[in-house]
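Here is how the chains run, residue by residue.
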Amino acid sequence: MASAPGTSATPVSSVTIAFSEAVVGFALGDLALTRDGLPVSLAAAVLTSSDGKTFVLGNLLGVTSTSGTYHVTLDATAAGISDGAGNAMVQSATATWTLDRDAPPAGLQVWASGTSSTPAEPATIAFSEPVTGLDVADLVLTRDGQTVPLAGSTLSTLDNRVYTLALGAFAAIDGTYVLSLTGPGLGITDAVGNAYVSTASASWTFVNSVSVPAGATLGDSTVRSGSDRIVKRGGGT
């Protein structure tokens, strides 16, 4: 049998069954279709042949448009197929393909979440499968609602599924940050062309300064654990 090869985002409209010679006794009921192991009705399908040797199982779009792995099987033991001399078919045949029409979702995670005195470095963008087309320009970083340009930041990956964004100084000023990846229209696609269309985001607050009210004094006990620097704010000392 022949069908759409491998994995595709396009539904299969027909499957070709080719015998080595003309046969008789082959009918639609000799074929079975499954998706992810579950039976799919072929009641609306049609089986045609012009020479009794090559057959086309058509009108399949109505039953092969859902994502999944499909098998069309011709079971020789249950079919009454034979050649002109009466030799019965003894070898079964199967055609297999996978339809993938699902957009690849993504998750965003930063090294430091919540409120921290440690800058969030790096950020990780993890897709459910390998994708292409992701670049720094697709990501938006804001601090306290204001856009922080990411020009000069780097984005790297080893497998095209998990990407690492170097934040560094872009997220080293006190404030509440949101990093987002918002589709569609970004040109991010999986191997069969399904586009990223959802939204992923991560938020965190970086605080590495201490407010000292007027008349107050900053003492050693005020220094938060893990701070590598203290920025004094306010009128105190």
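An account of the accompanying structure is given in this report. Residue numbers run consecutively from 1 along every chain, following the written order of its sequence. In keeping with the model being predicted, local features are shown solely for residues with a pLDDT of at least 70 and side-chain atom pairs are shown and tallied solely at 80 or more, while totals for entire chains, interfaces and linings include all residues. With hydrogens and water excluded, all non-hydrogen atoms of the structure serve as input to the side-chain values.

1. A closer look at the environment of A166
Numbering goes from the N terminus for both helices and strands, where a helix is a DSSP run of H or I of at least four residues and a strand is a run of E of at least two. Turning to its location among the elements, A166 is positioned in the loop between β18 (162-165) and β19 (175-182). It is 6.6 Å that separates the C-alpha atoms of A166 and L155, two residues lying eleven residues apart in sequence.

2. Quick look at the nonpolar core
Grouped together as the largest cluster of nonpolar side chains are 27 residues, with contacts concentrated most on I125, F127, L165, L167, L179, L181 and W204. The dominant element in this core, judged by the number of residues it contributes, is strand β21 (residues 199-206), at four residues. Contacts are assigned to residue pairs with any non-hydrogen atoms lying within 4.5 Å of each other. Every residue in contact with I125, bar those within four places of it in the chain, is listed here: A106, G107, L108, L134, L139, L155, R161, V162, Y163, L165 and L181. Buried residues of nine kinds, namely Ala, Val, Leu, Ile, Met, Phe, Trp, Tyr and Cys, make up a nonpolar core once their side-chain atoms join them within 4.5 Å. Relative accessibility thresholds used throughout: buried, under 20% of the residue-type maximum; exposed, over 50%; partly exposed, between the two (1.4 Å probe, protein chains only). Grouped together as the second largest cluster of nonpolar side chains are 24 residues, V12, F26, A76 and A95 included.

3. Thoughts on the layout of surface pockets
Here a cavity denotes a set of grid points, spaced 1 Å apart and computed over the protein atoms alone, in which a 1.4 Å probe fits but from which it cannot get out, and a pocket denotes an open set meeting protein on both sides within 12 Å along at least five of seven lines; residues with an atom within 4 Å of a point are reported as lining. Grid points are joined across faces, edges and corners, and a volume is the space filled by probe spheres set on the points. Computed from the structure, the largest pocket encloses a volume of approximately 290 Å³. Looking at the largest pocket, it is lined by 18 residues, and the ones nearest its centre are F19, S20, M89, V90 and Q91. Amino acids outside the nonpolar list (Ala, Val, Leu, Ile, Met, Phe, Trp, Tyr, Cys, Pro) and the charged list (Asp, Glu, Lys, Arg) are all regarded as polar, and Gly is one of them. Taken together, the residues that form the lining of the largest pocket break down as eleven nonpolar, five polar and two charged.

4. Considering the sheet that holds strand β13 (residues 123-127)
Either a parallel or an antiparallel arrangement is found when strands of a sheet pair, and the pairing is made through backbone hydrogen bonds. A pair of strands is labelled paired if DSSP reports no fewer than 2 bridges between them. Judged by pairing direction, the sheet is antiparallel, and its four strands sit side by side in the order β11-β13-β18-β17 without closing on themselves. In this open sheet, the two strands that pair with only one neighbour each are β11 (106-110) and β17 (155-157). Neighbour-to-neighbour, the strand axes of this sheet turn through a mean angle of 20°, independent of strand direction. Note that β11 and β13 share five bridges and pair antiparallel. Directly across from G107, in β13, lies its bridge partner A126. Comment: axis = line fitted to C-alpha atoms, over the contacting stretch for helices; angle = value between 0 and 180 degrees taken between N-to-C directions.

5. Concerning unusual backbone geometry
Residue G183 is joined to P184 through a cis peptide bond whose omega torsion reads -5°. Mapped onto the elements, P184 comes out in the loop between β19 and β20 (189-190). Phi at D144 is positive, roughly 55°, even though this residue is not glycine. Mapping D144 onto the fold places it in the loop between β15 (139-143) and β16 (146-147). At N160, a position not held by glycine, the phi torsion is positive, near 65°. Structurally, the position occupied by N160 is in the loop between β17 and β18.

6. Regarding the side chain of S153
With respect to the element layout, S153 can be found in the loop between β16 and β17. We classify S153 as buried; its relative accessible area is 11%. In the analysis that follows, any N or O atom pair within 3.5 Å is treated as a polar contact, provided that within protein one partner can donate a hydrogen and the other can accept it, and provided that, for residues neighboring in sequence, both atoms belong to side chains. One polar contact links the side chain of S153 to the main-chain carbonyl oxygen of A166, over a distance of 2.4 Å. Excluding its chain neighbours within four sequence positions, the residues that come into contact with S153 are V136, L165, A166 and F170.

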